[in-house]
Amino acid sequence: MCINKKYNILILVAFACIAIFSIVFLFLTSNNLSIQNYNTELEFNGDNAYNYVQDQLDIGFRIPGTEERKESAQYFISKFLEIDSNFTYIIHNFTVYTTECQNILFKANEEYDNVIILGAHYDSRAKATRDPISENRSKPVPGANDGASGAAVLIELARVLYGQKDNLSSEIWFLFFDAEDQGGNGILGWDWIEGSEQFVNDLDDFYDSATENIESMILLDMVGGTNLQFINEQYSTSSLLEELFAIGRNLGYTNEFPSNPVSRSIIDDHIGFLDLGIPSADLIINFWDNPSWPYHHTTEDDISHISNYSLEVTGRTIEQFVYNNYITDTNYNYQGNRPWDVDMSIPDMQIIILLGLIFGFAGVAIIITLSIKKFVKKKEVNV
Ligand SMILES: [Zn+2]
């Protein structure tokens, strides 16, 4: 009788632990951030961004090592110098094997020592390795979405945010990566994200880590396709990505920032920054199984599958994010997750799952131990 009671209590305790753990887990993983966006007229223009996509396509295929890739770098510089003929920029030269590549960094509001990085890759893929028609798989990808869309949004964001720079208390980097998209036999022997990895290796050349602090990095990759639906990218710092989703939803973009997004881990240009401990988020779509936009790494990644509205949704969400966090208007009460030091995505998820397994096994072990004890006691009585 006594053992039975203990046994029941222990089972109850085990179940209570699992229940409490489940509730904590649900609480931590639920999207519960409520945002009051800074009230202002957003200026990001989707038609402008659409034109910047078309401009890049008009240059041609922007494959590393080609004249077109170089020309597109010059195009970005010319667009930023249109905004301000003194816009600060740095060309980061590097090589992949013997191919000369270039990342391009533009800096605004350099007097501040806290930095936000807005980044995108601008190279286009040398081979359409996922094209449904096999003879197309050796042809280059136009890269309207995969490359040009993110770069186009950066140009339009620069125009808009530069106009507001005196009201913002942060330095802003606009960072264009070369050599992101040639892994998986895009160019034989190349890996993914070569450009951003090399940029991160040389990061100390671009700022003074003793006095300056990079607060966050936001990556835009395939942000201009039709039927835009962002995913919950799992390497991203969850508090930063969650804040972007909350801002977008608050702006009414509930299809683009769904309440139950697909979860996936993508090797992308934010990885190197995450490895340095910089909170980073990748705004990207589901391009793999049952994709919301099915033209990834095909010859159909062209202007006909680009939407000026999708570009505007992305751009305005980032514009709003920058105002929310850095506007110098003291009447606005900031309510986001800055400094984005909470990450509940993959590494922490693994810890949570591990804890769950430990609790589960502990409960089962207690039950088995008590059953054996009970059985032994019965046997002793029988003897
Ligand atoms: Zn790609």
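Structure shown above.
Residues numbered from 1 in each chain as written. Predicted model: local features only at pLDDT ≥ 70, side-chain atom pairs only at ≥ 80, totals over all residues.

Focus on the packing of helix H2 (residues 46-59) against helix H4 (residues 144-163)
Packed helices, taken two at a time, are described by their axes: the angle between them and the distance between them.
Thought 1: Between H2 and H4, the shortest axis-to-axis distance is 8 Å and the interhelical angle comes to 130°. As the angle between them shows, H2 and H4 are arranged oblique. In this structure, H2 crosses over H4, and the sense of that crossing is right-handed. In contact with Asn48, Ala49, Tyr52, Val53, Gln56 and Leu57 of H2, H4 contributes Ala144, Ala148, Ser149, Ala151, Ala152, Val153, Ile155 and Glu156. (Axes fitted to C-alpha atoms, helices over the stretch in contact; angles between N-to-C directions. Helix = DSSP H or I, 4+ residues; strand = E, 2+ residues; numbered from the N terminus. Parallel < 35°, antiparallel > 145°, perpendicular 65-115°, else oblique. Left-handed = near helix turned anticlockwise from the far one by under 90°. Contact = placed C-beta atoms within 7 Å.)

Some points on H4
Thought 1: For H4, spanning 20 residues, the distance from its first C-alpha to its last is 27 Å, which sits close to the expected 28 Å at 1.5 Å a residue.
Thought 2: The element H4 is extensively covered by neighbouring structure, given that 18 of its 20 residues are classed as buried. (Expected span 1.5 Å × (residues − 1). Buried ≥ 20, exposed ≤ 12 C-beta atoms within 10 Å, placed from the backbone.)

Describing helix H5 (residues 194-201)
The α-helix advances 3.6 residues per turn, and as a result positions three or four apart in sequence lie on the same side.
Thought 1: Of all the positions in H5, only Glu194, Gly195, Ser196, Gln198 and Phe199 are classed as buried.
Thought 2: Buried residues along H5 sit in contact with strand E1 (88-96), strand E2 (99-108), strand E3 (114-121), strand E4 (171-177) and helix H7 (271-275).

Considering the environment of Phe87
Thought 1: Mapping Phe87 onto the fold places it in the loop between helix H3 (67-83) and E1.
Thought 2: Look at Phe87 and you get partly exposed, because 17 C-beta atoms sit within 10 Å.
Thought 3: Measuring from C-alpha to C-alpha, the distance between Phe87 and Ile77 comes to 8.9 Å, with ten residues separating the pair along the chain.

Section: the sheet that holds E1
Thought 1: In spatial order, the strands read E1-E2-E4-E3-E5-E8; together these six strands make up an open sheet with mixed pairing. Here the strands that pair on one side only, and so sit at the sheet edges, are E1 and strand E8 (280-283). Direction aside, the axes of adjacent strands within the sheet are offset by 20° on average.
Thought 2: Strand contacts of H4: E2, E3, E4 and strand E5 (213-220), with the helix running at about 145° to E3, the strand carrying the most contacts.
Thought 3: Helix H6 (residues 238-250) contacts E5 and E8 of the sheet and is inclined by roughly 45° relative to E8. (Pairing = 2+ DSSP bridges.)

Some words on the nonpolar core
Thought 1: Grouped together as the largest cluster of nonpolar side chains are 75 residues, with contacts concentrated most on Leu118 and Leu154.
Thought 2: The element that contributes the greatest number of residues to this core is H4, accounting for eleven residues.
Thought 3: Once residues lying within four places of it in the same chain are set aside, the contact partners of Leu118 are Leu154, Leu157, Ile172, Trp173, Phe174, Leu175, Ile218 and Ile318. (Core = buried A, V, L, I, M, F, W, Y, C linked by C-beta atoms within 7 Å.)

Without other data, these values stay purely geometric and don't point to any function.
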